[in-house]
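For reference, the chains in residue letters:
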Amino acid sequence: MTQRAKIDTDGGGPAEAGPPVVHRNAGLTSAEVAERVARGEVNDVPVRSSRSTADIVRGNVLTRFNAIIGVLWVIMLFVAPIQDSLFGFVILANTGIGIIQELRAKKTLDGLAVIGEARPTVRRDGLSGEISTSEIVLGDLIELGPGDKVVVDGVVAEADSLEIDESLLTGEADPVVKQPGDTVMSGSFVVAGGGAFTATKVGREAYAAQLAEEASRFTLVHSELRSGISTILKYVTWMMVPTATGLVISQLVVKDTDFKNSIARTVGGIVPMIPEGLVLLTSVAFAIGVIRLGRKQCLVQELPAIEGLARVDVVCLDKTGTLTEGGMDVTELRTLNGADEAYVRKVLGALGASDPRPNASLQAIIDACPDAEDWRCVHALPFSSARKYSGAAFSEGNGEESAWLLGAPDVLLPPGDPVLTEIDHLNEQGLRVLLLARTTRELDSPDVAADTRATALVVLEQRLRPDAADTLAYFADQDVAAKVISGDNAVSVGAVAGKLGLPGAENTVDARKLPDDREEMAKVLDGNAVFGRVTPQQKRDMVAALQSHGHTVAMTGDGVNDVLALKDADIGVSMGSGSEATRAVAQIVLLNNSFATLPSVVAEGRRVIGNITRVATLFLTKTVYSVLLAILVVCTQVEYPFLPRHLTLLSTLTIGVPAFFLALAPNKERAKPNFVRRVMRYAIPGGVIAAAATFTTYLLARHHYTGPDALNAETSAATLTLFLVSMWVLAIIARPYTWWRIALVAAMGGAFLLVLVVPWLQEFFALKLVGATMPWAAVAVAAAGAALLEAAWRWVDRKVPA
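No experiment lies behind these values; they were computed from the predicted model shown.

What about the sheet that holds strand 8 (residues 298-300)?
Moving on, step 1. What the eight strands build is an open sheet, ordered 8-21-20-19-9-16-18-17; its pairing is mixed. The open sheet has two free edges, formed respectively by strand 8 and strand 17 (508-510), since each of these has just one partner strand. On average, each strand axis in the sheet is inclined to that of its neighbour by 20°, with strand direction left out of account.
Moving on, step 2. Pairing of strand 9 (residues 314-317) with strand 16 (residues 481-485) involves four bridges; the strand directions are parallel. Considered in strand 16, the bridge of V315 is made with A482.
Moving on, step 3. Contacts from helix 18 (residues 536-548) reach strand 9, strand 16, strand 18 (530-532) and strand 19 (553-557) within the one sheet, and its direction differs from that of strand 19 by about 160°.

Spelled out as structure tokens, the structure:
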């Protein structure tokens, strides 16, 4: 096996050297590495896991709505008291929160990206060691094994049954056999065999640079939430321009009132039309979601993946590494056909020594069977998930030669072999069984597995993850269907799933019997939960079949055979200890390798999307009633009833503060499609009723009050009605009630009451209820509006389903 050492990347040679190892190709010398570093021939592409600081500041400050608000704010600073300019300070605070939260998210993402960074094995001075991708230089000899990603472009120097999957580059699923002299492209990965290649393109010249830039950038891929909000804002803009124009003309030309007061009331009519807080709150919710998951060692490589998590209703789990721990133990060795156990152990020990990168099963065999030092491997056949066996040919030291295969018994044995019955009994106990068989054919023969002689059964036991049962129970409780999809024997997989309490584990399906037709396959998948002997291509087909039935699918995995399915799933979840290929294509990487993190991931997604959908109704109800009030003012040619300070107070108490708490609250409801329709079906009737009730009170007050201070009294009465109706909207949105939701609504009501009774607050906000008749009339109109709201929203629930 290859000697590995820690590479000293400053050019000083190996930091830790073991016994000298002779390589046919020793790679670059330390002096050659130093020369290339001096010439700048280094793979120094910066890792970019998030937006730059400048982009974050620019993205939060330079927005269309900040520009509109900013202009209105500057106008108000010149024509009205500071309390009428409070809305501007709110925008500054919200923008600041957005910047701070994204900077915190950036710090978390950048730190986690370094943890999950690929560390290829490079051979220098005849020694192999792991280094960072940024330390690779032109001409470096980079070793490859199963699951390794090709990180720079190069030419194959050594190949031992090397098979590389280039599907991420070409779309072709079949692996390509590589021989010395063939080119390899960054972005591909090894599925079988091993070898080494010489780096011919590094830095920004390599295809990996473009791939990494696209994969790790702060991306805004398709998101129904973001698209829906953009659609809403587009329509709001279209409505706002003519409405605001009419309001300006009405207040400045038609009404012969004080110029500064007219401007103040005009701005007061325009500002609340803009649901700027919804955009900022969405960004904050996403950023906080990333930070929360980051603290649990969960790397979110694409931020919209958080939204996708909320929509998942099927999660496909690989057994090995997900339900079970990576390590295995050999519990029994059963010889067959009169084989000698001591000889069998020598064969197994030699097989273990022949593979420089043993998987978990082979590692358990290595631990149980010492290497036969006098045996020499003359040819090796690496394990392939498509073949489901590995092999090696030996010179046994006494002049004898032999060739052996080790792998799945139901692949190496003919159907109906009596040994298979014995194996089924072991599989039913959740044990994993490998067959050692002798072959008389050449290992590179396509029918090498034909006419083999069964020699021994290797019985292995997998260690179950202690948290797997609780995690599966969580998914069942949340109506997320769990499908165990494994390349192992179906009965064995079913036994493991049964031990963990997975519903339907007793009905296992051998994937080799699955129908090829997608519709028929989807029906089988819907009706069963455990599938064994699944090939990599079948995993991909199964994901597509589930999606064809309208399911939103999350796929977890850590092996190379999971890559295609991870890539096609709606959400790909990779283990941090998994292959570089799986980490490259997954949207979410569990760096702590804990399956128990998945419930937190799903819950975080549901919390974000569910709460944003909830609070969006608050923001858009305000937009609807603001536009309608402006239209009613223009049509009736009366003064606009509110100053900016009034609507700032109302927005803060009925929307801003409650929305912040509601957006961060626990929420387990699975997200549903049609975001715009679901929000607007409540916001439109809510806004219409609020506007009608408020304008009714305003018209009643205009007939009731007379004198020079009549407008202030009319405004106060209208404000009371609008506040009460808006509070009822909040009370509906806050359902189902918990103690803190009730306390939140009560606190907002108490804050408004404080404004009405404290003299200096009355003066500051220009709110003073005059007399008893009109205030009680305002309360009565608000009560009627609240009753209409209840009736309208219940009618919407029945007649206008989302």
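With respect to the confidence of the model for the protein
Moving on, step 1. With 84% of its residues at a pLDDT of at least 70, the protein reaches an overall mean of 80.
Moving on, step 2. Note that residues 1-23 has pLDDT below 50 and, in this model, 46 contacts with residues that lie over four places away or in other chains.
Moving on, step 3. For residues 211-221, every residue scores under 50 in pLDDT, and the model assigns this stretch 21 contacts once sequence neighbours within four places are set aside.

Quick notes on helix 11 (residues 341-354)
Moving on, step 1. Between the first and last C-alpha of helix 11 there are 20 Å, a value that for 14 residues agrees with the 20 Å anticipated at 1.5 Å per step.
Moving on, step 2. Among the residues of helix 11, those classed as buried are V344, V347, L348, G349, A350, L351, G352 and S354.

Concerning a nonpolar patch on the surface
Moving on, step 1. Side chains of V74, L77, F78 and I82 sit close together on the surface and give an oily, nonpolar patch of about 410 Å² of accessible area.
Moving on, step 2. Residue placement: V74 occurs in helix 3 (residues 64-79).

Comments concerning the pattern of salt bridges
Moving on, step 1. Applying the stated criterion across every chain, the model contains 19 salt bridges.
Moving on, step 2. The partner of R345 in a salt bridge is E341, and the shortest N-O contact between them spans 3.2 Å. With R345 and E341 both in helix 11, this residue pair falls four residues apart, about one helical turn.
Moving on, step 3. For K523, the salt bridge identified is with E520, shortest N-O distance 3.9 Å. With K523 and E520 both in helix 17 (residues 518-527), this residue pair falls three residues apart, about one helical turn.

Looking at unusual backbone geometry
Moving on, step 1. A cis amide bond, omega -5°, links R735 with the succeeding residue P736.
Moving on, step 2. Looking at the secondary structure, you find P736 in the loop between helix 24 (710-733) and helix 25 (739-757).
Moving on, step 3. A positive phi angle, near 55°, is found at D125, a position not held by glycine.
Moving on, step 4. Within the secondary structure layout, D125 lies in the loop between strand 1 (121-124) and strand 2 (127-130).
Moving on, step 5. The class for D125 is partly exposed, based on a relative accessible area of 31%.
Moving on, step 6. Backbone geometry at Q297 places phi at a positive 60°, although glycine is not the residue there.
Moving on, step 7. Along the chain, Q297 falls in the loop between helix 9 (276-295) and strand 8.

How each quantity is defined
Residues numbered from 1 in each chain as written. Predicted model: local features only at pLDDT ≥ 70, side-chain atom pairs only at ≥ 80, totals over all residues. Heavy atoms only, no water. Pairing = 2+ DSSP bridges. Helix = DSSP H or I, 4+ residues; strand = E, 2+ residues; numbered from the N terminus. Axes fitted to C-alpha atoms, helices over the stretch in contact; angles between N-to-C directions. Contact = heavy atoms within 4.5 Å. pLDDT = per-residue confidence, 0-100. Expected span 1.5 Å × (residues − 1). Buried < 20%, exposed > 50% of the residue type's maximum accessible area, 1.4 Å probe, protein only. Patch = residues over 30% accessible without salt bridge, like charges linked within 9 Å, V, L, I, M, F, W, Y side chains within 5 Å. Areas by Shrake-Rupley, 256 points an atom, 1.4 Å probe, with all protein chains shown as cover. Salt bridge = Lys/Arg side-chain N within 4 Å of Asp/Glu carboxyl O.

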